[in-house]
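# Per-entry structural report
Chain residues, written in single-letter form:
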Amino acid sequence: MSSHRGQILSGTDIAKEIRQQLTEDVIIMKKTLPGFEPGLAIVQVGGREDSNVYIRMKIKAASEIGIKAEHVRLPRTTKEIELLSKLKKLNEDPTVHGIIVQLPLDADSKIDQHLITDSVSPDKDVDGLNTINEGRVAIGDLNSFLPCTPNGCIELIRRSGLSMVGAETVVLGRSKIVGTPVAELLKWNHATVTVCHSKTKNLQEVCKKADILVVAIGKAELVKGSWIKPGAVVIDCGINVIPDPTKKSGQRIVGDVAYEEAREVASYITPVPGGVGPMTVAMLMKNTVQSAQRAANKIIQHTWSLRPLPLNLKRPVPSDIAIAHSHEPKDIAQLAEEIGLYPGEISLYGNKKAKISVSSVLKRLGHQNDGKYIVVAGITPTPLGEGKSTTSVGLVQALTAHKQKNAFVCLRQPSQGPTFGIKGGAAGGGYSQVIPMEDFNLHLTGDIHAVGAAHNLVAAQMDARIFHEATQADKALYDRLTPTIKGERKFSKIQLRRLQKLGINKTDPNALTDEEKVKFARLNIDTNRIVWNRVVDINDRYLRKITIGQSPTEKGRTRETSFMITVASEIMAILALAKDLDDFKLRLSKMVVAFDKDGIPVTADDLGLTGALMILLKDAIEPTLMQTLEGSPVLVHAGPFANIAHGCSSILADKVALKLVGEDGYVITEAGFGSDIGMEKFFNIKCRASGNIPSAVVLVTTIRALKMHGGGPAVTPGTPLKEEYTRENLELLKNGLPNLNKHISNCGKFGVPVVVAINRMTTDTQAEIDMVRESAIKSGAFDAVPSTHWADGGSGAEKLADAVIAACNNPNNFHFLYNLNTSIDEKIRTISREMYGAADVVYDEKVKNAIEKYTEQGFGSLPICMAKTPLSLSGDPSVKGVPVDFTLKINDVSLSAGAGFIVPICGEITRMPGLSTRPSIYDMDLNTETGEIEGLF
């Protein structure tokens with residue numbers, strides 16, 4: 001025992017030292033993560049003045065340290081459910097690292113205090129009052145948040161210099177807040193602890209045996225000097241008010257220990273005030289900084305805690321749907337946590353898929369460097385497809401489950417047209433697919449339906465406007481567009497934008513001249529120059545040309561129009577190309593739906609639609625989180641076709657994924673069809689819009705496709721492959737290799753390394769694989785790797801993953817194929833010459849006129865989105881291999897002003913597919929006993 005007597009353990013001085021250290025820690029944190037700031041929320045119900053004093057003290061301490069403290073004030077009328085709702089939001093807010101509920105709760109109605117403290121997330125419970133954190137202390141897990149006052153007591157004892165190991169320690173009081181937890185902490189610091197309370201016999205004698213005495217009984221000056229062992233350390237946790245006529249206030253604050261008596265006996269003692277109180281606040285700040293440090297480290301360290309799912313491999317490989325049904329996906333909330341998403345950043349759609357809040361994630365991780373960016377493209381495919389989606393999924397499984405890398409795959413949402421038609425879905429296949437595959441291939445989270453509703457709303461409003469302008473006089477039309485409601489007449493926001501566009505600088509509807517009213521009210525759409533039709537996400541050949549307006553109510557105003565499949569909508573392309581909500585809104589407003597009688601474009605904003613479209617699409621802007629068979633993360637978003645649009649998943653999905661994987665991670669994204677179509681548009685349109693720089697290309701090829709290009713018989717969906725494709729045929733393969741080499745050359749023209757993925761099938765021979773690999777490397781591929789991911793999952797793509805990692809570490813010289821400032825004609829010719837191998841390009845006269853008009857209207861600097869058959873490098877789907885010296889004919893051209901590109905159309909491109917004689921629907925059924933879908937691939 002110490003020979004010292006009456007040494008003061010100043011909580012004020014020690015707390016000051018702790019706060020200084022915490023201030024330095026926060027400064028380092030902010031330097032490491034610019035924009036990052038520790039956050040503390042103090043929730044108060046009611047307005048008790050004593051609580052206000054404590055809160056002001058905590059906010060002041062937090063501010064001095066560099067913690068952003070928010071005082072969340074709730075009125076006395078707050079109900080329990082309202083308080084729980086508020087705490088849930090704070091739990092899910094990634095900018096809040098600590099939450100305190102100020103007690104007592106000053107509410108008019110009864111609120112269960114224990115329920116409230118337990119509703120604070122254990123990860124943010126900086127008071128240490130959640131039962132889970134209390135339980136951790138009880139079993140000796142001291143890595144969680146320690147209760148503030150008890151931990152402050154332990155720190156004070158340490159500062160006395162007295163070792164707690166083996167020390168006889170008495171805790172006077174067993175409250176949940178102080179007595180019980182301080183006893184547990186002392187126990188785990190190896191003290192021999194006795195807990196006393198109101199029922200303890202011979203209390204004075206028990207206390208006098210203590211080397212360390214902690215008093216938290218709540219009775220003023222109960223413990224006298226005679227109760228204390230000479231040389232003991234005394235920690236006084238009490239705060240009591242007693243009368244004192246010598247004080248101006250008539251009272252003074254004392255502890256549970258008779259201080260003047262005790263200091264004559266104790267070696268060290270804490271004063272009241274100035275002892276335990278300041279330490280409680282200091283420990284609260286320490287817990288908050290520790291919580292923020294954990295959040296910061298989670299961002300800095302990048303490494304996910306991903307737990308792969310095992311594959312149940314079978315031979316022969318079963319159908320896709322049988323494989324999908326034999327593997328149980330993990331709960332999507334678990335996957336989200338594993339990859340570093342916060343609960344408030346996801347919206348669950350059941351337990352197998354979730355929407356991700358783009359704005360929240362990008363804001364939180366805005367400082368973080370992007371990961372490596374890999375695009376998967378293909379050679380000119382057979383009608384069966386060559387497995388780009390399957391390869392993409394297999395590759396992400398190899399990178400995550402087998403190479404322990406952070407990796408995402410970003411895929412397009414498949415249209416229901418192909419799903420119920422002939423091609424099937426786009427979830428991958430075999431042991432490299434997205435699950436649940438039925439959800440993926442059908443409605444998913446409703447994005448395509450939202451796009452369809454938005455697109456058709458545009459059509460409905462346009463036709464309605466044409467009708468109303470044709471059937472109303474100028475004054476009646478203007479008055480209906482600007483009605484007086486509850487005595488007030490005003491323009492809406494979107495109408496004010498139209499006035500600004502027209503150069504009318506007025507805001508009062510009554511102030512316009514008659515000429516200005518007509519100019520504002522009449523769009524004067526030329527019904528012969530309407531470029532907007534309707535959509536449905538089903539193959540329906542009879543909707544390719546229809547007549548509308550045949551009801552007598554439309555007064556004879558009929559016109560011909562058409563439907564196209566929903567994924568061909570410009571809104572789908574905009575969804576895929578928007579960089580954020582503001583960009584999305586701006587692009588929607590710019591959509592040209594028709595031209596007026598003077599040839600001036602009429603936009604969605606002119607029709608007053610932009611705000612309504614945003615409402616319909618507010619959820620569709622968020623990508624959907626799913627998983628592969630091996631539990632690797634997948635982002636599914638947007639679904640534009642590559643032959644009629646730009647054929648890539650969304651920029652937003654890629655941006656979210658690139659931030660989540662961190663700078664050492666990998667994001668795999670797919671571009672539709674071959675390098676001449678999807679990849680070219682990925683580079684020239686998508687990367688130009690996003691600003692993201694690709695690290696490598698994975699070019700998927702199959703022996704089957706190369707044999708077809710070498711002169712093999714036609715490959716027809718639904719019929720067995722001919723013998724040439726199922727037996728070794730090196731001559732046929734050799735003749736088809738130029739197609740692969742052309743696609744490798746196409747990749748090289750963008751300055752990005754290309755890895756050829758040979759999607760190996762069971763009938764491929766080693767000699768065939770060797771021939772393809774040798775040819776690919778001679779043609780400039782960084783590497784060429786056979787991959788068996790369809791049959792083996794991620795393990796079958798490990799060598800492909802190694803090659804991709806190496807290619808991403810290889811310097812590249814990415815550049816665009818053309819300059820936007822060159823003419824529309826020159827951009828078309830550059831693509832045709834460099835990507836397809838065309839010798840010349842010819843235009844119909846109407847195409848020449850349209851290009852000239854687009855240039856005059858200021859659209860000449862837009863990129864080009866070629867609409868062309870994917871089945872040939874030329875514009876003729878029957879021409880295989882590598883055609884040369886051909887002329888590419890452009891027979892139409894359209895403008896997608898919102899998406900931001902010009903669409904030249906080569907040959908007959910159908911925007912509404914039809915069903916075949918025997919579509920896939922014949923094989924599909926719902927098992928009414930099990931609820932399982934059958935026959936879906």
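Relevant structure appears above.
Read on for a plain summary of the structure. The written sequence of each chain sets the order in which its residues are numbered from 1. Local features in a predicted model are, by the rule used here, given only for residues with pLDDT of at least 70; side-chain atom pairs are given and counted only at 80 or more, and totals for whole chains, interfaces and linings are based on all residues. Computation of side-chain values: all heavy atoms of the structure, hydrogens and water removed.

### Considering a nonpolar patch on the surface
Exposure above 30% relative accessible area and the lack of any salt bridge qualify a residue for a patch; like charges then connect within 9 Å, and the nonpolar side chains Val, Leu, Ile, Met, Phe, Trp and Tyr within 5 Å. Using a 1.4 Å probe, the Shrake-Rupley method yields the accessible areas, and only the shown protein chains count as cover for residues. Note on definitions: salt bridges are taken to be side-chain nitrogens of Lys or Arg within 4 Å of carboxyl oxygens of Asp or Glu. Taken together, the side chains of Val 53, Tyr 54, Met 57, Ile 239, Val 241 and Ile 253 present a nonpolar region at the surface, about 540 Å² in accessible area. For the nonpolar patch, the element with the highest residue contribution is helix α2 (residues 49–65), accounting for three residues. Numbering of helices and strands runs from the N terminus; a helix is a DSSP stretch of H or I covering at least four residues, while a strand is a stretch of E covering at least two. Residue placement: Val 241 occurs in strand β9 (residues 240–243).

### Observations regarding helix α21 (residues 570–577)
Each residue gets one of three labels from its accessible area relative to the maximum for its type: buried under 20%, exposed over 50%, partly exposed in between, using a 1.4 Å probe on protein chains only. Of all eight residues that make up α21, eight are buried, and the element is covered over most of its length. Considered for burial, the residues of α21 that qualify are Glu 570, Ile 571, Met 572, Ala 573, Ile 574, Leu 575, Ala 576 and Leu 577.

### Thoughts on the packing of α21 against helix α22 (residues 581–590)
The angle between two axes is taken between their N-to-C directions and runs from 0 to 180 degrees, where each axis is a line fitted to C-alpha atoms and a helix contributes only its stretch in contact. Close contact between α21 and α22 brings their axes to 9 Å; oriented N to C, the two are set at 155°. Taken as axis vectors, α21 and α22 run roughly antiparallel relative to one another. Here α21 and α22 pass one another in a crossing that is right-handed. Here Ile 571, Ile 574, Leu 575 and Leu 577 of α21 lie close against α22, whose contacting residues are Asp 583, Phe 584, Arg 587 and Leu 588. A per-class count over the contact of α21 with α22 returns six nonpolar, no polar and two charged. Any angle that is under 35 degrees is reported as roughly parallel, and any over 145 degrees as roughly antiparallel; angles of 65 to 115 degrees are reported as roughly perpendicular and all others as oblique. Should the near helix be turned counterclockwise from the far one by less than a right angle, the crossing is left-handed, whereas a clockwise turn marks it as right-handed. Whether two residues are in contact is decided by their heavy atoms, any of which lying within 4.5 Å being enough. By the convention adopted, Pro, Cys, Tyr, Trp, Phe, Met, Ile, Leu, Val and Ala count as nonpolar, Lys, Arg, Asp and Glu as charged, and the other residues, Gly among them, as polar.

### Things to note about the environment of Val 592
Note that Val 592 resides in strand β25 (residues 592–596). A C-alpha to C-alpha distance of 30 Å links Val 592 and His 815, two positions 223 residues apart in sequence. When sequence neighbours within four positions are dropped, the list of residues in contact with Val 592 reads Val 531, Trp 532, Pro 601, Val 602, Thr 603, Leu 895 and Ala 897.

### Observations regarding the environment of Ile 177
With respect to the helices and strands, Ile 177 occurs in the loop between β5 (168–172) and α7 (179–188). Assessed through its relative accessible area of 40%, Ile 177 is described here as partly exposed. For the pair Ile 177 and Ile 116, spaced 61 residues apart in sequence, the C-alpha to C-alpha distance is 15 Å. Filtering out sequence-adjacent residues up to four positions away, Ile 177 remains in contact with Leu 129 and Pro 150.

### Overview of the sheet that holds strand β6 (residues 192–196)
Pairing between strands requires that DSSP locate at least two bridges from one strand to the other. Strand order across the open sheet formed by six strands is β1-β11-β8-β7-β5-β6, with parallel pairing between neighbours. Sheet topology places β1 (7–8) and β6 at the edges, where each strand pairs with a single neighbour. Packed on one face of the sheet, helix α6 (residues 148–160) meets β7 (212–215), β8 (233–236) and β11 (268–269) and runs near 155° to β8.

### Some thoughts on helix α14 (residues 388–402)
Between its terminal C-alpha atoms α14 stretches 20 Å, which fits the 21 Å expected from 15 residues at 1.5 Å a residue. Burial of α14 is extensive: 14 of the 15 residues sit out of reach of the surface. The first or second residue beyond α14 is Gln 404, which carries a positive phi of 55°. Here, expected helix span is obtained from the residue count minus one, scaled by 1.5 Å.

### Quick notes on the pairing of β5
One face of the sheet, then the other: side chains in a regular strand alternate in exactly this way. In terms of burial, β5 is a largely internal element, four of the five residues being buried. As judged from the five bridges shared by β5 and β6, these two strands associate in the parallel manner. Bridge pairing in β6 links Val 171 to Val 195. Chirality of the crossover, the property in question, places the unit of β5, α7 and β6 among those that are right-handed. Summarising the sheet, β5 and β7 pair through four bridges and their orientation is parallel. Within β7, the residue paired with Val 170 across the bridge is Leu 213. Orienting the strands away from the viewer, one traces the path from the first strand over the helix to the second; a clockwise path indicates a right-handed crossover.

### Section: the nonpolar core
The nonpolar side chains of a soluble globular protein tend to be buried, and buried together. Take the buried Ala, Val, Leu, Ile, Met, Phe, Trp, Tyr and Cys residues and link them wherever side-chain atoms come within 4.5 Å; each set so joined is a nonpolar core. Ile 235, Met 285, Phe 408, Leu 625, Phe 683 and Leu 740 are the most contacted members of the largest nonpolar core, which totals 191 residues. In terms of nonpolar packing, the next biggest core, distinct from the first, is built from 45 residues, Val 317, Val 376, Val 636 and Ile 805 among them.

### Section: the sheet that holds strand β4 (residues 98–101)
Strand-to-strand pairing in sheets goes through backbone hydrogen bonds, with the strands running parallel or antiparallel. One open sheet holds the three strands; their spatial order is β3-β2-β4, and the pairing between them is parallel. Each having just a single partner strand, β3 (68–74) and β4 make up the two edges of the open sheet. Along the sheet, successive strands turn relative to each other by an average axial angle of 20°, direction set aside. Bridge count for strand β2 (residues 39–45) against β3 is seven bridges, and the pairing is parallel. Its bridge partner being in β3, Gln 44 is matched across the sheet by Arg 73. Together, β2, β3 and β4 form the strand contacts of helix α3 (residues 80–92), whose direction differs from that of β2 by roughly 180°.

### Description of the packing of α6 against α7
The geometry of α6 relative to α7 is characterised by a closest axis approach of 8 Å and an angle of 45° between their N-to-C directions. Relative to α7, α6 is oriented oblique. Judged by the twist between their axes, the crossing of α6 over α7 is right-handed. Between α6, through Pro 150, Asn 151, Cys 153, Ile 154 and Ile 157, and α7, the contact on the second element is made entirely by Pro 181, Val 182, Leu 185 and Leu 186. By residue class, the composition of the contact of α6 with α7 is eight nonpolar, one polar and no charged.

### Things to note about unusual backbone geometry
Residue Pro 104 follows Leu 103 across a cis peptide bond; omega there is 0°. Note on placement: Pro 104 falls in the loop between β4 and α4 (113–119). With an omega of 0°, the peptide bond running from Val 272 to Pro 273 counts as cis. Here Pro 273 lies in the loop between β11 and α10 (276–301). Within the chain, Asn 202 stands out as a residue other than glycine whose phi angle is a positive 55°. Relative to the assigned elements, Asn 202 resides in the loop between β6 and α8 (203–208). At Phe 673, a residue that is not glycine, the phi angle is positive and equals roughly 60°.

### Re the packing of aromatic side chains
In this scheme Phe, Tyr and Trp rings, the latter by its six-membered ring, pair at centre separations within 6.5 Å, and the angle between planes marks the pair as stacked below 30 degrees, edge-to-face above 60, and tilted otherwise. One pass over the structure, following the stated rule, counts eight aromatic pairs. Summarising the aromatic geometry, the rings of Tyr 478 and Phe 520 are spaced 5.9 Å apart at their centres and angled 80° between planes, so their arrangement reads as edge-to-face. With Tyr 478 in helix α18 (residues 474–481) and Phe 520 in helix α20 (residues 514–521), this pair connects stretches of sequence that are 42 residues apart. Each member of the pair Tyr 478 and Phe 520 is classed as buried. Placement of a positive charge over a ring is assigned whenever Lys NZ or Arg CZ falls within 6 Å of the ring centre and within 35 degrees of the normal to the ring plane. Geometry around Phe 145 places Arg 294 over its ring, the cationic atom sitting 4.8 Å from the centre. Its guanidinium or amino end placed over the ring of Phe 816, Arg 688 lies 4.1 Å from that ring's centre, counting from NZ or CZ.

### Brief notes about the pattern of salt bridges
Here the structure, examined in full by the defined rule, presents 52 salt bridges. A salt bridge links Glu 386 to Arg 704; its shortest N-O distance comes to 3.1 Å. Of this pair, Glu 386 sits in the loop between β14 (372–378) and α14 while Arg 704 is found in helix α26 (residues 703–709), placing the two residues 318 residues apart along the sequence. Accessibility assignment for this pair places Glu 386 and Arg 704 in one class, buried. When the shortest N-O distance is used, the salt bridge between Asp 463 and Arg 559 registers 2.8 Å. One end of the pair, Asp 463, is in helix α17 (residues 447–471); the other, Arg 559, is in strand β23 (residues 559–561), with 96 residues separating them in the sequence. By the burial criterion, Asp 463 is buried, and Arg 559 matches it.

### Some points on the state of the cysteines
Here, the term disulfide refers to a pair of cysteine sulfur atoms separated by no more than 2.5 Å. Overall, the coordinates contain zero disulfides when judged by the stated rule. Counting only cysteine sulfurs, Cys 153 is the nearest neighbor of Cys 148, a cysteine outside any disulfide, at a range of 11 Å. For Cys 207, which is in no disulfide, the shortest distance to another cysteine sulfur is to Cys 196 and amounts to 5.2 Å.

### As for the side chain of Asn 539
By the element assignment, Asn 539 lies in the loop between β21 (534–536) and β22 (546–548). Asn 539 sits in the buried class, given a relative accessible area of 9%. In this structure the side chain of Asn 539 is engaged in a polar contact, spanning 3.3 Å, whose partner is the backbone oxygen of Gly 417. When neighbours within four sequence positions are excluded, Asn 539 is seen to be in contact with Gly 417, Pro 418, Gly 421, Ile 565, Met 912, Pro 913, Gly 914 and Leu 915. Nitrogen and oxygen atoms within 3.5 Å of one another constitute a polar contact, given that in protein one can donate a hydrogen and the other can accept it, and given that sequence-neighbouring residues count only through two side-chain atoms.

Everything listed is a geometric property; what it means functionally is a separate question.
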